[in-house]
Amino acid sequence: MIMNPSAVKRVVMDGKSLSLEGFVAVARFGASVELAGSALRAMERSRSLAEKIAGEKRAAYGITTGFGDFQKVAVPEEMSNQLSTNLILSHCTGTGDPYAAEVVRGMMLLRANALCGGVSGVRPVLVQMLVEMLNRGVTPVVPQKGSLGSSGDLAPLAHMTLPLLGRGRALYRGVEMSGAEAMEKADIPTLSTLACKEGLGMTNGTCAMTSVGALALYDTICAAQLADVIASLSFEGLTALKDAFDPRVHQVRGQRGQIRVAANMRRLMEGSEILDRCQGDRVQDAYALRCVPQYHGAVRDALDYVLDKVEIELNAVTDNPLLFLEDEAVISGGNFHGEPMAIPFDTLGIACSELANISERRTERMVNAALSNGLTPFLTTKAGVNSGFMIVQYAAASMVSENKVLAHPASVDSIPSSANQEDIVSMGTTAARKAGWIVQNTLSVLADELLTACQAIDVRRRLDTHGQGITPLHEALLKHVRERVAFYEVDREIWPDIVEVEKMVRSGELLEIVRAHVPDLE
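Here the residue index of a chain counts from 1 through its sequence in written order. Since the coordinates come from a predicted model, pLDDT governs what is reported: local features require at least 70, and pairs of side-chain atoms require 80 or more to be given and counted, while whole-chain, interface and lining totals use all residues. Side-chain descriptors were evaluated using all non-hydrogen atoms of the structure, hydrogens and water having been removed beforehand.

Undergrad: Would you mind showing me how to read the overall build of the chain here?
TA: In this text, helices come from DSSP runs of H or I with a minimum length of four residues, and strands from runs of E with a minimum of two, each type numbered from the N-terminal end. Along the backbone of the chain there are 20 helices and nine strands. The atom set for the radius of gyration is the C-alpha atoms, and the globule formula is 2.2 Å times the number of residues raised to the power 0.38. Taken against the 2.2 N^0.38 rule, which gives 24 Å for 522 residues, the C-alpha radius of gyration of the chain at 26 Å falls within 12% of a compact globule. In terms of overall dimensions, the chain has a C-alpha envelope of 85 × 50 × 40 Å along the principal axes. The buried share among the 522 residues of the chain stands at 57%. Look at the contacts in the chain between residues 6 or more apart in sequence, and 79% of them connect residues 24 or more apart. Categorising residues by exposure relies on relative accessible area from a 1.4 Å probe, with only protein chains included: less than 20% of the type maximum marks a residue as buried, more than 50% marks it as exposed, and the intermediate range marks it as partly exposed. Throughout, a contact is declared for two residues whenever any of their heavy atoms are within 4.5 Å.

Undergrad: Can you help me understand the UniProt feature "modified residue: 2,3-didehydroalanine (Ser)" (unreviewed entry) in the chain in this one?
TA: UniProt positions are given in the numbering used here, feature names are shortened, and annotations may be inferred rather than shown by experiment. In this numbering, the UniProt entry assigns the feature "modified residue: 2,3-didehydroalanine (Ser)" (unreviewed entry) to Ser 151. Relative to the helices and strands, Ser 151 is located in the loop between strand 5 (143-145) and helix 6 (154-161). For Ser 151, a relative accessible area of 6% gives the class buried. Look past the residues within four positions of Ser 151 in its chain and what remains in contact with it is Thr 203, Asn 204, Gly 205, Phe 336 and Glu 422.

Undergrad: Even after reading the chapter, I still don't get the sheet that holds strand 4 (residues 138-140), so can you show me in this structure?
TA: The strands making up a sheet associate through hydrogen bonds between their backbones, and the pairing can be parallel or antiparallel. Strand order across the open sheet formed by three strands is 4-6-7, with antiparallel pairing between neighbours. Two strands lie at the open edges of the sheet, namely strand 4 and strand 7 (175-178), each paired on one side alone. Strand-to-strand twist across the sheet, computed as the mean angle between neighbouring axes with direction ignored, equals 35 degrees. The pairing of strand 4 with strand 6 (residues 169-172) spans three bridges and is antiparallel. Across the sheet, the residue bridging to Pro 140 is Ala 170, located in strand 6. The sheet contacts of helix 4 (residues 101-115) involve strand 4 and strand 6, and relative to strand 4 the element is tilted by about 95 degrees. At least two DSSP bridges between two strands are needed for those strands to be called paired. Every angle, taken between N-to-C directions, lies between 0 and 180 degrees, and every axis is a line fitted to C-alpha atoms, over only the stretch in contact when it is a helix.

Undergrad: How do you make sense of helix 4 when you look at a structure like this?
TA: Since the α-helix turns once every 3.6 residues, residues separated by three or four places project in the same direction. Every helix has an expected span of 1.5 Å times one less than the residues it contains. Taking 1.5 Å per residue, 15 residues should reach 21 Å; helix 4 reaches 21 Å between its end C-alpha atoms and fits that length. Burial within helix 4 is extensive, with 13 of its 15 residues counted as buried.

Undergrad: Looking at this model, I keep getting lost on the packing of aromatic side chains. Mind explaining?
TA: How two aromatic rings sit relative to each other is given by the distance of their centres and the angle of their planes. The rule is short: rings of Phe, Tyr and Trp, with Trp giving its six-membered ring, pair when the centres are within 6.5 Å, and they are stacked under 30 degrees, edge-to-face over 60, tilted in between. Counted by the stated rule, this structure contains two aromatic pairs. Plain terms: the ring middles of Phe 235 and Phe 245 are 5.4 Å apart, the flat faces sit at 55 degrees to each other, and that makes the pair tilted. Residue Phe 235 is found in helix 9 (residues 207-238), and its partner Phe 245 is found in the loop between helix 9 and helix 10 (247-251); the two are separated by ten residues along the sequence. According to the relative accessible area criterion, Phe 235 is buried, its value standing at 0%. By relative accessible area, Phe 245 is classed as buried at 1%. Between Phe 389 and Tyr 488 the ring centres are 5.5 Å apart and the planes differ by 90 degrees, which places this aromatic pair in the edge-to-face class. With Phe 389 in the loop between helix 15 (339-367) and helix 16 (390-406) and Tyr 488 in the loop between helix 18 (472-482) and helix 19 (495-507), the pair connects residues that are 99 residues apart, well separated along the chain. Here Phe 389 matches Tyr 488 in class, with each residue buried.

Undergrad: Where do I start with the side chain of Ser 444 in this structure?
TA: Checked against the element boundaries, Ser 444 lands in helix 17 (residues 428-463). Residue contacts for Ser 444: discarding those within four places in its chain leaves Met 399, Glu 502 and Arg 506.

Undergrad: What is the right way to read the packing of helix 4 against helix 5 (residues 124-136) from this model?
TA: The description of two helices packed together rests on the angle between their axes and the distance between the axes. Contact geometry of helix 4 with helix 5 gives a least axis separation of 9 Å together with a crossing angle of 150 degrees. By the criterion of interaxial angle, the relationship of helix 4 to helix 5 is roughly antiparallel. The interaxial crossing formed by helix 4 with helix 5 has left-handed handedness. Across the interface between the two elements, Arg 105, Met 108, Leu 109, Arg 111, Ala 112 and Leu 115 of helix 4 pack against Val 127, Leu 130, Met 133 and Leu 134 of helix 5. To sort the angles, those under 35 degrees are grouped as roughly parallel, those over 145 as roughly antiparallel, those from 65 to 115 as roughly perpendicular, and the leftovers as oblique. A crossing counts as left-handed when the near helix is turned anticlockwise from the far one by less than a right angle, and as right-handed when that turn is clockwise.

Undergrad: Even after reading the chapter, I still don't get the pattern of salt bridges, so can you show me in this structure?
TA: Close approach of charged atoms allows side chains of opposite charge to pair. One side-chain nitrogen of Lys or Arg within 4 Å of one carboxyl oxygen of Asp or Glu is enough to make a salt bridge. The full count for this structure, using the stated rule, is 28 salt bridges. A salt bridge links Arg 123 to Glu 198, with the shortest nitrogen-to-oxygen separation between them at 2.7 Å. Of this pair, Arg 123 sits in the loop between helix 4 and helix 5 while Glu 198 sits in helix 8 (residues 198-203), and the two are 75 residues apart along the sequence. Among the residues examined, Arg 123 registers a relative accessible area of 23% and is labelled partly exposed. On the basis of relative accessible area, Glu 198 is assigned to the buried category, the value being 0%. A salt bridge links Glu 489 to Arg 462; its shortest N-O distance comes to 2.9 Å. Placement of Glu 489 in the loop between helix 18 and helix 19 and of Arg 462 in helix 17 is noted, with a sequence separation of 27 residues between them. Within this structure, Arg 484, Glu 500, Lys 503 and Glu 509 form a network of salt bridges that share partners.

Undergrad: Which parts of the structure should I look at to understand helix 20 (residues 509-517)?
TA: Within the span of helix 20, buried status applies to Leu 510, Leu 511, Ile 513 and Val 514. Angular distribution of buried residues about the axis of helix 20 spans 155 degrees; they occupy a single face of the element. Residues of helix 20 that are buried in the fold lie against helix 9, helix 17, helix 18 and helix 19. In this description, one arc is meant: the one made by directions from the helix axis to the C-beta atoms.

Undergrad: I'm lost on the nonpolar core in this one. Help?
TA: Side chains of a nonpolar character, in soluble globular proteins, are inclined to be buried together. Take the buried residues of types Ala, Val, Leu, Ile, Met, Phe, Trp, Tyr and Cys, join any two whose side-chain atoms come within 4.5 Å, and each joined set is a nonpolar core. Of all hydrophobic cores here, the largest spans 142 residues; its most connected members are Leu 20 and Phe 23. Per-element tally for this core: the top contributor is helix 9, with 21 residues. Residues in contact with Phe 23, not counting those within four places in the same chain, are Leu 18, Gly 106, Leu 109, Leu 110, Ser 211, Ala 214, Leu 215 and Leu 314. Counting eight residues, the second largest nonpolar core, distinct from the first, contains Ala 54, Ile 63, Cys 196 and Leu 323.

As structure tokens, then:
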């Protein structure tokens, strides 16, 4: 799971080799996109077949017929272009705050990559335009709400398509303006109309949910790595026991994620004087300490499952109908249905919320003098007048409780649509959006634990009950935090401290320090 998308500067798009790392590189870090020649040729052949079918007036959904329950209505050839354009105009029904630019860039990349599969019957110019928009800084404004996650992310993808027609709203290099103006500033000519089949080609697909969910997955992978690191800091603050990480314990159970996390914890705690000197203090610790491999490991296993499904979907063809050259078949199927992503993204939200659950429990143990193995109440130096870290734990607990609400699965819900033609839907986009909210809460909870662990280590050193030495990695992390956040001697406005540590957790800078000291961390 070790990835470094910020180091990837160029991604070649061929419809079959996009990885999560490459996806994040383009969506979040602005890597350039190049269209593979093989994909261009595949789209040209597919488009020729679509035009042949239209010219022969064959009954083909979305090419010579209407959409949804209007599949029974034949559309004359001279109106087929208007049919595709009308699909975009009538389907841009989204509402709510717009998606972040990185999400929309991800949607554009995924839609282009899906069309590169060469079975969608669209003109290559659509993909070329999306590539130019990505490379020149044009990002459509797409509202977050309005997708059922079946028949594709129809409303979000319609909004995404509008600027190609010189319509809608878009950002150009971060400034919002009309879609027409953004395309003009970027020197990308717009289309007056879409051609037959292209309305479906642009809007049928899981690109919105997959973009949101893939970014949330990447952030959760980073959060899971940080959770091991921050937990190991808390171990020093709490003078926790290391016996529970003996590899023999985990081998006899055999769970892969558990084995990986136990190995991480052994690496992270190696060379700590404080931990070496406290191992005879107790027989065993509470679950939030002793069961880190079992708990974090289960999250790792869930992330492996989600990553497998996401990397399949990054290269999936998800529109309808599909055109197959070998026998000129036009087949109506259901690849646009979001269920294969809805269940993984619900799983992602549940797994990520568990990282926050156990993190908050470790924070509680550090601030609670009855549980902290000798630390001062609420990590204060002058109790009574000062509340210390009392309310840091409150804040973490509030986000943990919010995550429990958000973790309720969206995929078990469904509302019929299109006159009951589309009678069971995935709600996959809702599942992905919820996972995104959960991971942001979880990163904040981990920041609270990190801030608390640094305070706990400094208090422990002042007490000098088990020496002064911590691991070289922990020393580097503590120094990094202390460069921006001073030891909490007496009560002060604490929110700026929390903000600074949250920035560290979200920026990736802490993982860079970790890699420098423990390069084999998984």
